[in-house]
Amino acid sequence: MKKRFQNINKKSRFYLLAGIMILIIGMGTLTRCSVREKKTDAKKTISLGANFSSMPDMTFTKVEDKTEEKETVLYYAHTEQNRAYGEILWDAFYLGQIDGTEFAFSDADGNENGSFAIYDIDQDGDEELLLYFDGGSMSTNVGYIWGYKKGSIHIELNAFPLMRYYNNGIIEVDWSHNQGLAGDFWPYSVYIYNSETDAYQKWGAVDAWDKSSTGVEVNAEGESFPSNIDIDGDGIVYYILPADWDGYYDMTPLDGKDYENWRNDYLNKATEIKDIPFQALNAENISKLGASKPNIQFSEPLG
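Residues numbered from 1 in each chain as written. Predicted model: local features only at pLDDT ≥ 70, side-chain atom pairs only at ≥ 80, totals over all residues. Heavy atoms only, no water.

### Side note on the layout of surface pockets
Regions of empty space are outlined by a rolling probe, equal in size to a water molecule, passed over the atoms.
At step 1: Here the largest pocket is characterised by a volume of approximately 420 Å³.
At step 2: What lines the largest pocket is a set of 18 residues, and nearest its centre among them are N219, E221, E223, Y239 and Y249.
At step 3: For the lining of the largest pocket, the element with the highest residue contribution is strand β10 (residues 199-210), accounting for 3 residues. (1 Å grid on protein atoms, 1.4 Å probe; cavity = no way out; pocket = protein on both sides within 12 Å on 5 of 7 lines; lining within 4 Å. Points joined across faces, edges and corners; volume = space filled by probe spheres on them. Helix = DSSP H or I, 4+ residues; strand = E, 2+ residues; numbered from the N terminus.)

Structural data, given as structure tokens:
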């Protein structure tokens, strides 16, 4: 009897061990299945649609974005375009000459008081060259926009370098002087982009009579401030000037609300473009465009 129980105990231990092994193997299999399912959930399939039925589907794995902020690096799209722009900048930097214009600043010799940017400012899909050149006086402060089409450059706009750009092709350009009656309001011109000519054309301008800041009640022509127009009573009225303005303020001025309506009409809910990547006009930045640096010998200073 005792021997029989020993045989039974041996068999029990054998079955017990076998059961434990099966349980362990089963749990491992379940664990692997669970992990595989989680990996599958992390993937998504993009179907390319019927037009691409011969191509395999694309899959991607969703990954947490851990990209840190880095310094902005400027990349330019077209090599030949950039070389052409670079040649313009070399001439401005070393010679004080603006390509395609009669502008000449004799004291350039490496004048770094300017800036430039390569940016699609007119939203036509091509990058333009924006140049602000500061010659040290109002007459030598100039702003230019160049375009590049079919291997050649052309001027899209030449205006005073105080410009506000909008994403509907509008540019507001402040006047270089404010010697009238506008007071705290600075007059400006409005330019619109013409896609057919790939250039900007003047659309109009606005000036003002600001009695509140100038204290002027009667202008040089002997006309009194039009209080009947100044409905909001803030002491300022606005003159909307046509593109071919003849210099005379013989139009009926507008009150503040009507002026805002006029401006809102041409802006048409456009937003101002502010993050334009301007760079200093210097040899280091110009040379990045790939244009050859001109071999210019400057005269030695006297004495």
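### With respect to the packing of aromatic side chains
At step 1: Inspection of every chain in the model, using the stated rule, returns 19 aromatic pairs.
At step 2: Here the aromatic cluster, defined as three or more aromatic residues joined through ring pairs, consists of F185, Y188, W203, Y238, Y259, W262 and Y266.
At step 3: Over the ring of Y188 we find R164, and its NZ or CZ is 5.4 Å from the ring centre. (Phe/Tyr/Trp six-rings, centres within 6.5 Å; stacked < 30°, edge-to-face > 60°. Lys NZ or Arg CZ within 6 Å of the ring centre and 35° of its normal.)

### A look at the pattern of salt bridges
At step 1: Throughout the structure, instances matching the rule amount to 6 salt bridges.
At step 2: The partner of D174 in a salt bridge is R164, and the shortest N-O contact between them spans 3.0 Å. With D174 in strand β8 (residues 170-174) and R164 in strand β7 (residues 163-166), this residue pair connects regions lying 10 residues apart in the sequence.
At step 3: E172 is the salt-bridge partner of R263, the closest N and O atoms lying 2.9 Å from each other. Placement of the pair is R263 in helix α4 (residues 256-267) and E172 in strand β8, with a sequence separation of 91 residues.
At step 4: Several salt bridges converge on common partners, so that one network encompasses R164, E172, D174 and R263. (Salt bridge = Lys/Arg side-chain N within 4 Å of Asp/Glu carboxyl O.)

### With respect to the side chain of E127
At step 1: With respect to the helices and strands, the residue E127 is situated in the loop between β3 (114-119) and β4 (128-134).
At step 2: Of the side chains with opposite charge, K149 comes closest to the buried, unpaired E127, at an N-O distance of 11 Å.
At step 3: Looking at E127, its side chain comes within polar contact range of the side chain of Q81, at 3.2 Å. (Buried < 20%, exposed > 50% of the residue type's maximum accessible area, 1.4 Å probe, protein only. Lys, Arg positive; Asp, Glu negative; His and termini not counted. Polar contact = N/O pair within 3.5 Å; in protein donor to acceptor, adjacent residues only side chain to side chain.)

### Describing the sheet that holds β4
At step 1: In spatial order, the strands read β6-β5-β4-β3-β13; together these 5 strands make up an open sheet with antiparallel pairing. Strands at the two margins of the open sheet, each flanked by one partner only, are β6 (152-159) and β13 (279-280).
At step 2: Inspection of the sheet shows strand β5 (residues 141-149) paired to β6 by 7 bridges, in the antiparallel sense. Its bridge partner being in β6, G147 is matched across the sheet by H154. (Pairing = 2+ DSSP bridges.)

### Description of helix α2 (residues 79-95)
At step 1: Look at α2: 24 Å from first C-alpha to last across 17 residues, which is about the 24 Å you get at 1.5 Å a residue.
At step 2: Here α2 has its buried residues at Q81, N82, A84, Y85, G86, I88, L89, W90, A92, F93 and Y94.
At step 3: In this structure, the buried side of α2 is in contact with β3, β4, β5, β6 and α5 (283-287).
At step 4: Just downstream of α2 lies G96, where phi reads positive at about 70 degrees. (Expected span 1.5 Å × (residues − 1). Contact = heavy atoms within 4.5 Å.)

### Observations concerning the nonpolar core
At step 1: Formed by 22 residues in total, the largest nonpolar core has its most connected members in L89, F116, L129, L131, W146 and L281.
At step 2: Top element by residues in this core is α2. It accounts for 8 residues.
At step 3: One finds I145, F160, V173 and Y200 within the second-largest nonpolar core, a separate group that totals 17 residues. (Core = buried A, V, L, I, M, F, W, Y, C linked by side-chain atoms within 4.5 Å.)

### Structural notes on unusual backbone geometry
At step 1: Of note, the phi angle at Q123 is positive, near 65 degrees, even though the residue is not glycine.
At step 2: Unusually for a residue other than glycine, K150 sits at a positive phi of about 50 degrees.

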